[in-house]
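Here is what each chain is made of, one letter per residue.
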Amino acid sequence: MNAPRGSLVYKAPACGWSDAVWAVSTLFVFFFLTLVYVLLVPWALWAVFVQGSWIMAAAVTALALTAVWPARYWSGFTHSQMLESWRRWHWLRVWRDEARFGQSSNVLLAMVPHGMFPLGLPMLSSIQDEIFPEFRRSAPAMQGARPQDGGIKTVVANAILYIPLLALMLKWLNCTYATRTHLEECLATGNAIVIPDGIAGMYHTDCAEERVYLSTRHGFIRAALEQGSLLVPCFWFGHTQLWSIWPKHDSWLAALSRRLRFSLIWFWGFRWMPPLPQRVPLTLVVGRGIACPKTDRPTREQVEAVHKEFTQALSALYYQYRPVVAGWDPKKPLIIV
């Protein structure tokens, strides 16, 4: 396989003791509180309907308000010490196949795999201008966009934006709902990041082999065609190594989760602790864009043709960069299911 043709555009600084303390403590506390809330909800229901106590219900309701609070992008949070420590703790690296994207059209960055939780996404928030200088909020607007448009919005699963604390943080990071309407709005006024394998891909997390669930994922392709977007394949090395999960993709719980659009899953990381992920290197590889001709009503054949081109480009991207990613098995294959 040919050597990588791109360049390393970001390399996290060395991780010191203070960074390690920040990273471990904030990752543990944040995910621990999220897990606790999942256990508090049934406890509160039991306290209300069995014991007649409203104290627990009031506490759970107060915490739940953080999920529906009307928060927006917050620059101060994205540039916080917490996210910087996460980047250093996981030795974040970003490679780009091409230096810049043309701004004659909007850009849809399709990043895979999802893993248990795409921890790399919040790490990109404060370094977007360094990685993607063409997306700077102060940069001239693209053709057809409003002057105030810019930056990148991240489309995430609807269910995750109803989880207390986690939803609030994601809104501060400029995330929005993964609906067709929201994705179209993002691409009509700017650029977007989407993780197409989503919840279904979560159940394909496996430390032994790299699996990406894409065979039935056509919605992001259709959106790119309808908006005439530049579709960019991106691969996250390390996302599937952060946590181990149970059950696997062939379980009835996985099928039920896909129907509910909410994950029914158990996971564990460092020393079997769910809140703390394994300390593994995270590397994002950004490929070359696929120009999608603007089509108001793309046919099934057109969608499938672009889908095939995308999966081929993604596979080539993986095998090109596999040898240079720190800590990665140079013989580990990519399986697209």
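In this report, we go over the structure that sits alongside the text. (Residues numbered from 1 in each chain as written. Predicted model: local features only at pLDDT ≥ 70, side-chain atom pairs only at ≥ 80, totals over all residues. Heavy atoms only, no water.)

1. A short note on the environment of Cys-186
Note on placement: Cys-186 falls in helix α8 (residues 180–189). Apart from the residues within four sequence positions on either side, Cys-186 is in contact with Lys-153, Thr-176, Asn-191 and Ala-192. (Helix = DSSP H or I, 4+ residues; strand = E, 2+ residues; numbered from the N terminus. Contact = heavy atoms within 4.5 Å.)

2. Topic: the pattern of salt bridges
For the structure shown, the criterion picks out nine salt bridges. The partner of Asp-19 in a salt bridge is Arg-88, with the nearest N and O atoms 3.2 Å apart. Taken together, the positions of Asp-19 in helix α1 (residues 17–49) and Arg-88 in helix α4 (residues 81–89) put the pair 69 residues apart, joining distant regions of the chain. Owing to a relative accessible area of 5%, Asp-19 belongs among the buried residues under this scheme. Using a relative accessible area of 21% as the deciding quantity, one classes Arg-88 as partly exposed. Through salt bridges with shared partners, one network takes in Asp-19, Glu-84, Arg-87 and Arg-88. (Salt bridge = Lys/Arg side-chain N within 4 Å of Asp/Glu carboxyl O. Buried < 20%, exposed > 50% of the residue type's maximum accessible area, 1.4 Å probe, protein only.)

3. Comments concerning the packing of α8 against helix α10 (residues 219–227)
Taken N-terminus to C-terminus, the directions of α8 and α10 make an angle of 40 degrees; their axes are 10 Å apart at the nearest point. Overall, the two elements α8 and α10 adopt an arrangement that is oblique. Considering only the axes of α8 and α10, their crossing is right-handed. Residues Arg-180, Leu-183, Glu-184, Leu-187 and Ala-188 of α8 form the contact with α10, whose own contacting residues are Arg-222, Ala-223, Glu-226 and Gln-227. Tallied by class, residues from the contact of α8 with α10 come to four nonpolar, one polar and four charged. (Axes fitted to C-alpha atoms, helices over the stretch in contact; angles between N-to-C directions. Parallel < 35°, antiparallel > 145°, perpendicular 65-115°, else oblique. Left-handed = near helix turned anticlockwise from the far one by under 90°. Nonpolar A, V, L, I, M, F, W, Y, C, P; charged D, E, K, R; others polar.)

4. Looking at the state of the cysteines
Disulfides are covalent bonds that link the sulfur atoms of two cysteine residues. Tallied over the full model, the rule gives zero disulfides. Free cysteine Cys-175: the closest other cysteine sulfur is in Cys-186, separated by 10.0 Å. (Disulfide = S-S within 2.5 Å.)

5. Observations concerning the environment of Trp-272
Looking at the element boundaries, Trp-272 is found in the loop between β10 (266–268) and β11 (283–286). Of the residues examined, Trp-272 reaches a relative accessible area of 65% and is grouped as exposed. Between the alpha carbons of Trp-272 and Trp-243 there is a distance of 9.2 Å; along the sequence they are 29 residues apart.

6. What to know about the packing of α10 against helix α12 (residues 300–321)
Across the interface, α10 lies against α12 with an axial gap of 9 Å and an inter-helix angle of 110 degrees. Taken as axis vectors, α10 and α12 run roughly perpendicular relative to one another. The residues of α12 that touch α10, namely those facing Phe-220, Ile-221, Arg-222 and Leu-225, are Gln-302, Val-303, Val-306, His-307 and Phe-310. Split into classes, the residues belonging to the contact of α10 with α12 amount to six nonpolar, two polar and one charged.

7. Here's the deal with the packing of aromatic side chains
Aromatic ring pairs are reported here in terms of the distance separating the ring centres and the angle at which the planes meet. Counted according to the given criterion, the structure contains 20 aromatic pairs. Judged by centre distance (4.9 Å) and plane angle (80 degrees), the rings of Trp-74 and Trp-172 are edge-to-face. Residue Trp-74 is located in the loop between α2 (55–68) and α3 (75–78), and its partner Trp-172 is located in helix α7 (residues 166–172); the two are separated by 98 residues in the primary sequence. By relative accessible area, Trp-74 is classed as partly exposed at 43%. Within the aromatic cluster, the residues linked to one another by ring pairs are Phe-235, Phe-237, Tyr-318, Tyr-319 and Trp-328. Over the face of the ring belonging to Trp-89 we find Arg-279, whose NZ or CZ atom lies 4.1 Å from the ring centre. (Phe/Tyr/Trp six-rings, centres within 6.5 Å; stacked < 30°, edge-to-face > 60°. Lys NZ or Arg CZ within 6 Å of the ring centre and 35° of its normal.)

In short, geometric facts, not functional conclusions.
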